[in-house]
Amino acid sequence: MKDKAAYVRGMFSAIAGRYDLLNTLLSFGRDRHWRSSTVSALGLIGGEAVLDVATGTGRLARELGRRMGVGGVVVGLDFCPEMLHRARGKAGSAELLLATVERMPFPDNTFDCATVGFALRNVPDVERMLRETARVVKPGGRVVCLEFSRPRHPVFQTMHRLYLSFILPLVGRLISGDREAYVYLPRSIMEFCEPEELHRLMGNAGLAHPHSRPLTWSVVAIHTATKS
Ligand SMILES: C[S@@+](CC[C@H](N)C(=O)[O-])C[C@H]1O[C@@H](n2cnc3c(N)ncnc32)[C@H](O)[C@@H]1O
């Protein structure tokens with residue numbers, strides 16, 4: 001892929017209107033639980049400043065705001081105006097910002113912690129994104145990434161492959177009208193690195209003690225690490 005960032009931005013701008021609906025349908029409604037577990041992994045006590053990297057339509061940002069109560073600050077950042085447009089009004093009290101994850105407009109050590117929802121697969125350079133996220137988080141702050149994963153059990157693996165190869169592209173195309181986006185999605189899931197490799201990238205980016213927690217038969221995983 002020549003310019004992955006431009007391709008990804010164009011794709012999300014085309015499917016922004018149907019993104020939330022497809023998220024819910026294609027995950028059989030589990031996406032709500034996945035986002036809620038991601039926020040739980042931050043161990044919020046209230047009053048924190050939290051960054052939601054690649055916030056998209058702002059669903060994770062809304063969950064963050066809901067769980068933090070008064071006194072906290074949530075900032076959602078994304079480079080796709082159409083996705084951010086959908087986030088307005090949905091992301092609760094979160095501040096929304098148009099910017100790239102490769103160069104975030106914040107000084108070092110601005111946030112207490114950060115989340116990254118389903119965006120690692122979509123950036124050209126995962127380590128660079130993690131390094132930039134680590135830069136804006138305070139030492140000791142957690143970075144929690146929610147990402148699609150691949151089951152290791154052979155039976156679930158086969159079911160997962162069938163789902164990604166046939167059902168997901170069909171339902172995605174019928175509802176979004178965009179064939180390309182729902183060919184890209186399963187391919188990006190199949191090609192994404194294993195947790196062990198992600199842990200190595202996290203370490204290189206200055207994020208210590210990485211660990212991964214699989215959810216829903218390892219269809220997704222929550223990867224957590226702490227800024228050293
Ligand atoms: C699959 S969506 C995830 C949205 C949201 N985090 C969620 O949990 O539903 C991926 C998002 O990453 C954003 N994105 C991808 N690459 C980016 C980059 N280089 N800079 C900023 N945002 C990016 C896209 O615009 C898109 O909104």
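Everything discussed here concerns the structure shown above.
Colleague: Which parts of the structure should I look at to understand the sheet that holds strand β2 (residues 73-78)?
Modeller: Strand pairing in a sheet relies on backbone hydrogen bonds. The paired strands run either parallel or antiparallel. With mixed pairing, seven strands are arranged side by side in an open sheet as β3-β2-β1-β4-β5-β7-β6. The two strands at the open ends of the sheet, each matched to only one other strand, are β3 (95-98) and β6 (207-215). Neighbouring strand axes in the sheet, compared pairwise and without regard to direction, differ in orientation by 20° on average. In this sheet, strand β7 (residues 220-227) lies alongside strand β5 (residues 142-148) in antiparallel orientation, the contact comprising seven bridges. Within the sheet, the bridge partner assigned to Cys145 lies in β7 and is His223.

Colleague: Would you mind going over the packing of helix α1 (residues 4-26) against helix α6 (residues 154-176) with me for this structure?
Modeller: Axes are the key here: two packed helices are described by the angle between their axes and the distance separating the axes. Between α1 and α6, whose axes approach to 10 Å, the crossing angle comes to 140°. Judged on the interaxial angle alone, α6 and α1 are oblique. Here α1 and α6 pass one another in a crossing that is right-handed. Between α1 and α6, the contacting residues are Ile15, Arg18, Leu21, Leu22, Leu25 and Leu26 on the first element and Leu168, Val171, Gly172, Ile175 and Ser176 on the second.

Here is what the cut-offs are and how they apply
Residues numbered from 1 in each chain as written. Predicted model: local features only at pLDDT ≥ 70, side-chain atom pairs only at ≥ 80, totals over all residues. Pairing = 2+ DSSP bridges. Helix = DSSP H or I, 4+ residues; strand = E, 2+ residues; numbered from the N terminus. Axes fitted to C-alpha atoms, helices over the stretch in contact; angles between N-to-C directions. Parallel < 35°, antiparallel > 145°, perpendicular 65-115°, else oblique. Left-handed = near helix turned anticlockwise from the far one by under 90°. Contact = placed C-beta atoms within 7 Å.

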